[in-house]
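Fold and geometry: a report
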Amino acid sequence: MTEKIEAYFMKEFSEKAGRIAVFSLGLLIPFYQVRMIFLFLLAMSLLPSDIQHKRLGSLLALPYSRQELFWISYLFLIAMSVVTQVIGMALFGAQLISSMNVYWLSMVIGSISFSTAYYAVSMISVTAGLDNFGIPFLVLIADLIAGGVGNRFSNPYFYASPAHQGNVWISGAVSLVVLLVANYLFVKKGVQK
């Protein structure tokens with residue numbers, strides 16, 4: 001399995017080197033709102049983009065099952081997110097023993113939760129035969145609006161929102177559920193085109 005992961009990572013780095021380089025530089029920015037934009041763009045440009053541009057057949061011609069392809073692409077997204085977060089922490093001076101560690105850890109978990117949710121939404125969209133960017137962008141706008149309505153203490157969606165993340169663990173659980181639904185639809189139902 002390690003060879004398949006390595007081969008997929010090499011394929012992504014060779015085919016999408018320019019995009020990944022630009023997104024990686026954007027992911028080094030320490031402000032979470034800016035980082036969300038680049039995480040969103042990175043999530044849209046991986047497997048959902050390949051499906052949208054009708055490259056799924058050539059990917060499945062390689063020794064990957066649909067299940068493996070889904071999870072290895074997701075692993076690539078999470079690896080890029082965490083690695084750039086750690087590099088950004090090193091560049092912007094996170095001390096090893098400080099109260100900032102809790103902040104950085106919550107940012108790492110928040111980044112994973114956000115990228116998981118929107119990777120899954122994009123996969124659901126392309127599996128249904130829709131766009132890999134437009135539908136997830138509309139979902140993001142709706143998520144931002146729904147989580148920002150009213151007082152955060154009186155808005156229960158604020159805590160579950162992948163964008164607002166009032167509670168990192170609840171939003172992470174919601175993101176995981178959406179990811180499992182996306183995996184099920186992609187593996188069992190296939191791509192509708």
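Our subject is the structure listed above.
Attention in this report is confined to the structure presented alongside it.

What counts and how
- Residues numbered from 1 in each chain as written.
- Predicted model: local features only at pLDDT ≥ 70, side-chain atom pairs only at ≥ 80, totals over all residues.
- Heavy atoms only, no water.
- Helix = DSSP H or I, 4+ residues; strand = E, 2+ residues; numbered from the N terminus.
- Rg over C-alpha atoms; globule rule 2.2 N^0.38 Å.
- Buried < 20%, exposed > 50% of the residue type's maximum accessible area, 1.4 Å probe, protein only.
- Contact = heavy atoms within 4.5 Å.
- Core = buried A, V, L, I, M, F, W, Y, C linked by side-chain atoms within 4.5 Å.
- Axes fitted to C-alpha atoms, helices over the stretch in contact; angles between N-to-C directions.
- Left-handed = near helix turned anticlockwise from the far one by under 90°.
- Nonpolar A, V, L, I, M, F, W, Y, C, P; charged D, E, K, R; others polar.
- 1 Å grid on protein atoms, 1.4 Å probe; cavity = no way out; pocket = protein on both sides within 12 Å on 5 of 7 lines; lining within 4 Å.
- Points joined across faces, edges and corners; volume = space filled by probe spheres on them.
- Patch = residues over 30% accessible without salt bridge, like charges linked within 9 Å, V, L, I, M, F, W, Y side chains within 5 Å.
- Areas by Shrake-Rupley, 256 points an atom, 1.4 Å probe, with all protein chains shown as cover.
- Salt bridge = Lys/Arg side-chain N within 4 Å of Asp/Glu carboxyl O.

1. Section: the overall build of the protein
Along its length, the protein carries ten helices and zero strands. The helix and strand sequence of the protein, counted from the amino end, reads α-α-α-α-α-α-α-α-α-α. Whereas a compact globule of 193 residues would reach a radius of gyration of roughly 16 Å, the protein reaches 17 Å, a difference of no more than 12%. In terms of overall dimensions, the protein has C-alpha extents of about 50 × 35 × 25 Å along its principal axes. Buried positions account for 42% of the 193 residues belonging to the protein. Counting contacts in the protein only where the partners sit at least 6 residues apart, residues at least 24 apart contribute 70% of the total.

2. A closer look at the nonpolar core
Tyr 8, Leu 47, Phe 114, Tyr 118, Tyr 119 and Met 123 are the most contacted members of the largest nonpolar core, which totals 44 residues. Ranked by the residues each element gives to this core, the list is headed by helix α7 (residues 100-127), at eleven residues. What Met 123 contacts, discounting residues up to four positions off in sequence, is Leu 47, Pro 48, Ile 51, Phe 70, Ala 182 and Phe 186.

3. Topic: the environment of Val 86
By the secondary structure assignment, Val 86 is in helix α6 (residues 66-91). Relative accessible area serves as the criterion here: at 45%, Val 86 is assigned to the partly exposed category. Spatially, the C-alpha atom of Val 86 lies 8.8 Å from that of Trp 104, the residues being 18 residues apart in sequence.

4. Quick word on the packing of α6 against helix α10 (residues 168-189)
With their axes 9 Å apart at the nearest point, α6 and α10 run at an angle of 145° to one another. Regarding α6 and α10, the two cross each other, and that crossing is right-handed. On α10, the residues touching Arg 66, Gln 67, Phe 70, Trp 71 and Tyr 74 of α6 are Leu 179, Leu 180, Ala 182, Asn 183, Phe 186 and Val 187. Class assignment for the residues of the contact of α6 with α10 results in eight nonpolar, two polar and one charged.

5. Focus on the environment of Ser 125
Residue position: Ser 125 is located in helix α7. The contacts of Ser 125, once residues within four sequence positions are left out, are Leu 130, Asp 131, Ile 135 and Pro 136.

6. Digging into the side chain of Asp 50
By the secondary structure assignment, Asp 50 is in helix α4 (residues 47-52). When its relative accessible area of 1% is taken as the criterion, Asp 50 is described as buried. With residues up to four places along the chain from it excluded, the contact list for Asp 50 reads Tyr 8, Lys 11, Glu 12, Lys 16, Arg 55, Leu 56 and Leu 59.

7. A look at empty space enclosed by the protein
A complete count under the given rule lists one cavity of 30 Å³ or more for this structure. Its volume calculated, the largest cavity comes out at about 40 Å³. Every residue lining the largest cavity is listed: Leu 27, Leu 28, Ile 29, Pro 30, Arg 35, Thr 84, Gln 85, Gly 88, Met 89, Trp 104 and Met 107. Listing elements by their share of the lining of the largest cavity, those giving two or more residues are α6 and α7. Looking at the lining of the largest cavity, the element that brings in the most residues is α6, giving four residues.

8. What about a nonpolar patch on the surface?
Together, Phe 133, Phe 137, Ile 141, Leu 144, Ile 145 and Val 149 make up a nonpolar patch on the protein surface, roughly 500 Å² of accessible area in all. For Leu 144, a relative accessible area of 34% gives the class partly exposed.

9. Section: the pattern of salt bridges
In the structure shown here, the tally under the stated rule is seven salt bridges. Close ionic contact of Glu 12 with Lys 11 constitutes a salt bridge, the shortest N to O distance being 2.6 Å. On the accessibility criterion, Lys 11 (12% relative accessible area) is buried. Across the pair Lys 11 and Glu 15 runs a salt bridge, and its minimum N-O distance is 3.1 Å.

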